[in-house]
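One letter stands for each residue in the lines below.
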Amino acid sequence: MIFSCSTLHSVISNVVYEYEDGTTLYEIAKDFGDYYENDIILAVCNGKLCELSKVLIDNSKVSFITTANHIGMECYRRSMVFMMIKAFYKIADHSAFDDISVEYSVSKGYYCKINGGIQINNEFLRKLKTEMDSLAKRDMLITKEVMSTGRAISKFKRYRMKDKVNLFKYRRASSVKIYKMEGFEDYFYGYMAYSTGILKYYKLIPYNEGFVLQMPVKESPKHVPEFTPQNKVVKALEESEKWAEKLGVSTIGEINDKIVDGSINDIMMMQEALQEKKIADIASDIASREEAKVVLIAGPSSSGKTSFAHRLAIQLMAQGLQAQIISTDNYFVNREESPKDENGELNFEALEAVDIELFNDHITKLANGETVEMPEFNFVTGKREFNGKTITLTDDSVLIIEGIHCLNDKLSYSIPEEKKYRIGVSALTPINVDEHNRISSSDLRLLRRIVRDSRTRNISAKTSIERWNKVRLGEEKYIFPFQDSADAIFNSAMVYELSVLKVFAEPKLFGVPKDTEEYLEAKRLLKFLDYILGIPKENVPSNSILSEFVGGSVFPV
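**A closer look at the overall build of the protein chain**
Broken down by element type, the protein chain carries 15 helices and 21 strands. A globule of 557 residues ought to have a C-alpha radius of gyration of about 24 Å, and the protein chain, at 25 Å, matches this closely. Dimensions of the protein chain along its principal axes, counting C-alpha atoms only, are 80 × 55 × 45 Å. Scored against the burial criterion, the 557 residues of the protein chain give a buried share of 56%. A sequence separation of at least 24 residues applies to 72% of the contacts in the protein chain between residues at least 6 apart.

In structure tokens, the structure reads:
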């Protein structure tokens, strides 16, 4: 068998190697491990993502994926969850609990909760870690078995994993792949590591009523970051999760149930009503602070900041206040003055991309009752323009400012602290795939962005995916560190929205060419969407945040 390794270390790039037929990718990866700084965990074989257990029988072109890659790190985290659950079932008294669930992301780790009578304390976590360390040291194989969907449903009924049972009811394929580790079986959405030997970097940290499985990130795959939970963000997510659980819509299977029985419209109306109440509560809080005249709204890409700002303005007007909205995007410096990143490319995410001096000069003048001609940034020419639009604030006016840096005090240094009211907007999805497979908030926002980019800017899904990594890096640096300084956190995610986004996103994702780097991510998202039943957008209200992405919004978004 001829083996062409195409993307190894530059010294051996495009060199052809010979192996016997029947060699696994794992055996080949061992030969090339020294060429990589980080652990090889997956491979791309002839353009397809593969686990290292794959046996090669034909001439193949292979590249390896390490834990320093987004796909590789997600595989590491997924495999680590599997090992943790396996260890948990080994040490726990099965009669003392119903199940263990992986809930949401906290401080780069996953918050895990035990449903039942087991007390989570330092002693329990010590035992759990000891068993996990033992599994890693013994380098246990992670194998998979293809079985009929019906057999898998029967199996997970016995394991009391009811969310998986419900999920598989809507599986179109007649078979499903089940992963095994030392006799323990589970289902995971996505590929797994070859064995437990590389699952060495993690911490178990008690938190709230459960614990956090703290893991590395792709930027530093062999280092577990400090545990720094953003408690305000977590509280907002927990409120959404409790609401979803109370209404029986906390997993994809349960959402599908509501679509099938015809009650999804009630869920949609209740979700929109809940968000409107949250916005009204925030408006009331702002109105109660007489000196708060500048509302600063920040959030990551596709979190719905613009729609939220307009809905908040309406609620403030209902409180008897006048609301004016401006965007910091209009204060971008001219394109030739924009900062550049380490690769020499324009960095529109950096704070220095904003003309901070002009911004503060205008805000100060507005606060003093002066009339200011507002800039408008022309994204075609890359120039800031003044087209005669003016703003004047009165005594009962509130200025709403939205932009990615609005929680950073360096942006608004001239505004006295008592005049500021900060709001963080995030799309913190309150539903999961099942007990052990969470839905990333980043995935939700990426789907939103793909749909909006295509509809409003004629940007392909390939380009949206290509740009996403740079957007995420900017968020990690310029947005997320400041979220817990907010006076209020608003969760813009809705339990039903994936079912609406699916209808728009799938055709765009199918259009990503197979010979591009973005195809693997597109295929992963398509596989994820395959679990979800689609619904039309007709019943999405025109003032909904979702309408900002799928179209039909009453606001100028």
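**Observations regarding the packing of aromatic side chains**
Enumeration over the complete set of coordinates arrives at 24 aromatic pairs. Centre to centre, the rings of Tyr111 and Tyr207 are 6.1 Å apart; their planes meet at 80°, and the pair counts as edge-to-face. Here the residue Tyr111 occupies a position in strand E9 (residues 109–116), and Tyr207 occupies one in strand E13 (residues 203–207), the gap between them amounting to 96 residues. Relative accessible area serves as the criterion here: at 4%, Tyr111 is assigned to the buried category. Its relative accessible area of 9% is what places Tyr207 among the buried residues.

**Observations regarding helix H7 (residues 252–261)**
Where H7 is concerned, the buried positions are Ile252, Gly253, Glu254, Ile255, Asn256 and Ile259. On its buried side, H7 packs onto helix H5 (162–168), helix H8 (264–288), helix H13 (497–510) and helix H14 (519–529). The first or second residue beyond H7 is Gly262, which carries a positive phi of 85°.

**Quick word on the confidence of the model for the protein chain**
Residues with a pLDDT of 70 or more make up 97% of the protein chain, whose mean pLDDT is 92. In this model, residues 7–13 is a region of pLDDT below 50 whose contacts with residues beyond four sequence positions or in other chains number 15 contacts.

**Examining the pattern of salt bridges**
Throughout the structure, instances matching the rule amount to 45 salt bridges. Here Glu185 and Lys180 are joined by a salt bridge, their closest N and O atoms 3.5 Å apart. The exposure class of Lys180 is partly exposed, given its relative accessible area of 25%. As a salt-bridge pair, Asp355 and Arg384 come within 3.1 Å of each other at their nearest N and O atoms. Of this pair, Asp355 sits in the loop between strand E16 (322–327) and helix H10 (356–367) while Arg384 sits in strand E18 (residues 383–391), and the two are 29 residues apart along the sequence. Residue class for Asp355 comes out buried when judged on its relative accessible area of 19%. Here Arg384 falls in the partly exposed class, since its relative accessible area comes to 21%. Here the residues in one salt-bridge network are Lys86, Lys90, Glu131, Arg138 and Glu182, joined through shared partners.

**A few points about the nonpolar core**
Grouped together as the largest cluster of nonpolar side chains are 130 residues, with contacts concentrated most on Leu312 and Leu509. Counting residues per element, this core draws most heavily on helix H2 (residues 70–91), which supplies 13 residues. Beyond its immediate chain neighbours, meaning those up to four positions away, Leu312 contacts Ile279, Ile282, Ala283, Ile286, Val295, Ile297, Ile400 and Ile423. Formed by 37 residues, the second largest nonpolar core is a distinct cluster that contains Val233, Ile356, Leu407 and Ile415.

**Comments concerning a positive patch on the surface**
Taken together, Lys48, Lys54, Lys177, Lys514, Lys523 and Lys527 make up a surface patch of like positive charges. Relative to the assigned elements, Lys523 resides in helix H14.

**Section: the sheet that holds E9**
With respect to topology, four strands assemble into an open sheet ordered E8-E9-E14-E13, the strand pairing being antiparallel. Among the strands making up the open sheet, the edge pair consists of strand E8 (97–106) and E13. Across the sheet, the mean angle from the axis of one strand to that of its neighbour is 30°, orientation sign disregarded. Helix-sheet contacts for H2 involve E8, E9 and strand E14 (210–214), and the interaxial angle to E8 is about 155°.

**Considering the pairing of strand E21 (residues 488–491)**
What you see with E21 is no split at all: Ala488 and Phe490 on one side and Ile489 and Asn491 on the other are buried throughout. Of the strand pairs in this sheet, strand E20 (residues 420–426) and E21 are connected by four bridges, and their pairing is parallel. From the neighbouring strand, Ile423 faces E21, where its bridge partner is Ala488.

**Things to note about the layout of surface pockets**
Considering only enclosed or pocket space, the second largest pocket measures out at about 490 Å³ in volume. What lines the second largest pocket is a set of 23 residues, among which Ala236, Glu239, Lys278, Ile489 and Phe490 lie closest to the centre. Contributions of two or more residues to the lining of the second largest pocket are made by helix H6 (231–246), H8 and E21. Element by element, the count of residues in the lining of the second largest pocket is highest for H8, at seven residues.

**A few points about empty space enclosed by the protein**
Overall, the coordinates contain one cavity of 30 Å³ or more when judged by the stated rule. Approximately 30 Å³ is the volume found for the largest cavity. Ile252, Ile255, Asn256, Ile431, Leu498, Ser499 and Ile532 are the residues that line the largest cavity. Contributions of two or more residues to the lining of the largest cavity are made by H7 and H13. Looking at which element gives the most residues to the lining of the largest cavity, the answer is H7, with three residues.

**Points about the pairing of strand E4 (residues 40–45)**
Buried residues dominate E4, accounting for six of its six residues. In terms of strand pairing, E4 meets strand E7 (residues 60–66) through five bridges, oriented antiparallel. Opposite Ala43, over in E7, you have Phe64 as the bridge partner. Across three bridges, E4 lies against strand E5 (residues 48–50) in antiparallel orientation.

**Observations regarding the state of the cysteines**
Evaluation of the coordinates by the stated rule reveals zero disulfides. No disulfide involves Cys112; its nearest neighbouring cysteine sulfur is the one of Cys75, lying 17 Å away.

**Observations concerning the sheet that holds strand E15 (residues 294–298)**
Taking strand neighbours across the sheet as the criterion, the five strands line up as E16-E19-E15-E20-E21 in an open arrangement whose pairing is parallel. Looking along the sheet, the strands with just one partner apiece sit at the ends: E16 and E21. Sheet twist, expressed as the average angle between the axes of neighbouring strands with direction ignored, equals 25°. Of the strand pairs in this sheet, E16 and strand E19 (residues 397–402) are connected by six bridges, and their pairing is parallel. When the bridges of E19 are listed, Ile325 appears paired with Ile400. Strands E15, E16, E19, E20 and E21 of the sheet are contacted by helix H9 (residues 305–318), whose axis makes an angle of about 170° with E19. Lying on the sheet, H10 is in contact with E16 and E19; it crosses E19 at an angle near 165°.

Thresholds applied
Residues numbered from 1 in each chain as written. Predicted model: local features only at pLDDT ≥ 70, side-chain atom pairs only at ≥ 80, totals over all residues. Heavy atoms only, no water. Helix = DSSP H or I, 4+ residues; strand = E, 2+ residues; numbered from the N terminus. Rg over C-alpha atoms; globule rule 2.2 N^0.38 Å. Buried < 20%, exposed > 50% of the residue type's maximum accessible area, 1.4 Å probe, protein only. Contact = heavy atoms within 4.5 Å. Phe/Tyr/Trp six-rings, centres within 6.5 Å; stacked < 30°, edge-to-face > 60°. pLDDT = per-residue confidence, 0-100. Salt bridge = Lys/Arg side-chain N within 4 Å of Asp/Glu carboxyl O. Core = buried A, V, L, I, M, F, W, Y, C linked by side-chain atoms within 4.5 Å. Patch = residues over 30% accessible without salt bridge, like charges linked within 9 Å, V, L, I, M, F, W, Y side chains within 5 Å. Areas by Shrake-Rupley, 256 points an atom, 1.4 Å probe, with all protein chains shown as cover. Lys, Arg positive; Asp, Glu negative; His and termini not counted. Charge placed at Lys NZ, Arg CZ, Asp CG, Glu CD. Pairing = 2+ DSSP bridges. Axes fitted to C-alpha atoms, helices over the stretch in contact; angles between N-to-C directions. 1 Å grid on protein atoms, 1.4 Å probe; cavity = no way out; pocket = protein on both sides within 12 Å on 5 of 7 lines; lining within 4 Å. Points joined across faces, edges and corners; volume = space filled by probe spheres on them. Disulfide = S-S within 2.5 Å.

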